[in-house]
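# Chains, contacts and geometry: an overview
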Amino acid sequence: QVQLVESGGGLVQAGDSLRLSCAASGRTFSGYVMGWFRQAPGKEREFVARMWWSSAITYVADSLKGRFTISRDNAKNTVYLQMNSLKPEDTAVYYCAAGRPGLSDYSVPARYGNWGRGTQVTVSS
C-alpha cells in the first residue's frame, strides 16, 4: 500500500525558507511522477512542482520558478520541496502526490492516484 507522508511545514516570516519532505513507501516509484500541490482556504488545489522519479527531470510552476525547487533522495525514498523567499500568498496546505507513468498533463491533480495528508505552511508578513 502506497504511503506518502509530508513533513517540514510550519509558521515562518516573509522572506524565510522551508524545506518540505515527502517520505514515500509501499512500492517502487521508478517511472512514477511525484508532484507537490498546495491548497489555500477557499481555493482550488494548485500545482506547484513535479518530477519523474527515474530521470529526475523536474518542472516547477511558472509563477514559482526561481523560488521553489523539487528534488529527491533515492536512498531515502524521499521527495523534497525547497521553498525560498516565502511570501504570505504561499500560505497553504502542501500535498505530496504520486502519479502512474504514461499519462499526460501532470499539472492536474486527477493524474495522481496517491496523496499524502498534507503539511501546513503559514507565512506571516
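Above this note sits the structure.
The structure contained in this document is the topic of the report that follows.

## What about the overall build of the chain?
- Each helix and strand counted, the chain has 0 helices and 11 strands in total.
- Counting from the amino terminus, helix and strand elements in the chain follow one another as β-β-β-β-β-β-β-β-β-β-β.
- Over its C-alpha atoms the chain spans a radius of gyration of 14 Å, differing by no more than 12% from the 14 Å that the globule rule assigns to 125 residues.
- The buried share of the chain, taken over its 125 residues, is 39%.
- For the chain, contacts bridging at least 24 residues in sequence account for 57% of all contacts bridging at least 6.
- Counting every atom, the chain has about 6400 Å² of accessible surface; 45% of that belongs to carbon and sulfur.
- Computed over 14 positive and 9 negative side-chain charges, the inter-centroid distance for the chain is 7 Å.

## Some thoughts on the side chain of E6
- Relative to the helices and strands, E6 is located in strand β1 (residues 3-7).
- Buried and unpaired, E6 has R45 as its nearest opposite-charge partner, separated by 7.6 Å.
- A polar contact is formed between the side chain of E6 and the backbone nitrogen of R117, at a distance of 3.1 Å.
- Polar side-chain contacts of E6 include one of 2.8 Å to the backbone nitrogen of G118.
- When residues no more than four places from it in sequence are discounted, the contact partners of E6 are S21, C22, W36, Y94, Y95, C96, G116, R117, G118 and T119.

## Regarding the pattern of salt bridges
- One pass over the full model with this rule turns up 4 salt bridges.
- D90 is the salt-bridge partner of R38, the closest N and O atoms lying 2.9 Å from each other. Of this pair, R38 sits in strand β4 (residues 33-39) while D90 sits in the loop between β8 (78-83) and β9 (92-99), and the two are 52 residues apart along the sequence.
- Among the ionic pairs, R67 bridges to D90, the shortest N-O distance being 2.8 Å. Note that R67 is positioned in the loop between β6 (58-60) and β7 (68-73) and D90 in the loop between β8 and β9, a separation of 23 residues in sequence.

Calculation notes
- Residues numbered from 1 in each chain as written.
- Predicted model: local features only at pLDDT ≥ 70, side-chain atom pairs only at ≥ 80, totals over all residues.
- Heavy atoms only, no water.
- Helix = DSSP H or I, 4+ residues; strand = E, 2+ residues; numbered from the N terminus.
- Rg over C-alpha atoms; globule rule 2.2 N^0.38 Å.
- Buried < 20%, exposed > 50% of the residue type's maximum accessible area, 1.4 Å probe, protein only.
- Contact = heavy atoms within 4.5 Å.
- Areas by Shrake-Rupley, 256 points an atom, 1.4 Å probe, with all protein chains shown as cover.
- Lys, Arg positive; Asp, Glu negative; His and termini not counted.
- Charge placed at Lys NZ, Arg CZ, Asp CG, Glu CD.
- Salt bridge = Lys/Arg side-chain N within 4 Å of Asp/Glu carboxyl O.
- Polar contact = N/O pair within 3.5 Å; in protein donor to acceptor, adjacent residues only side chain to side chain.

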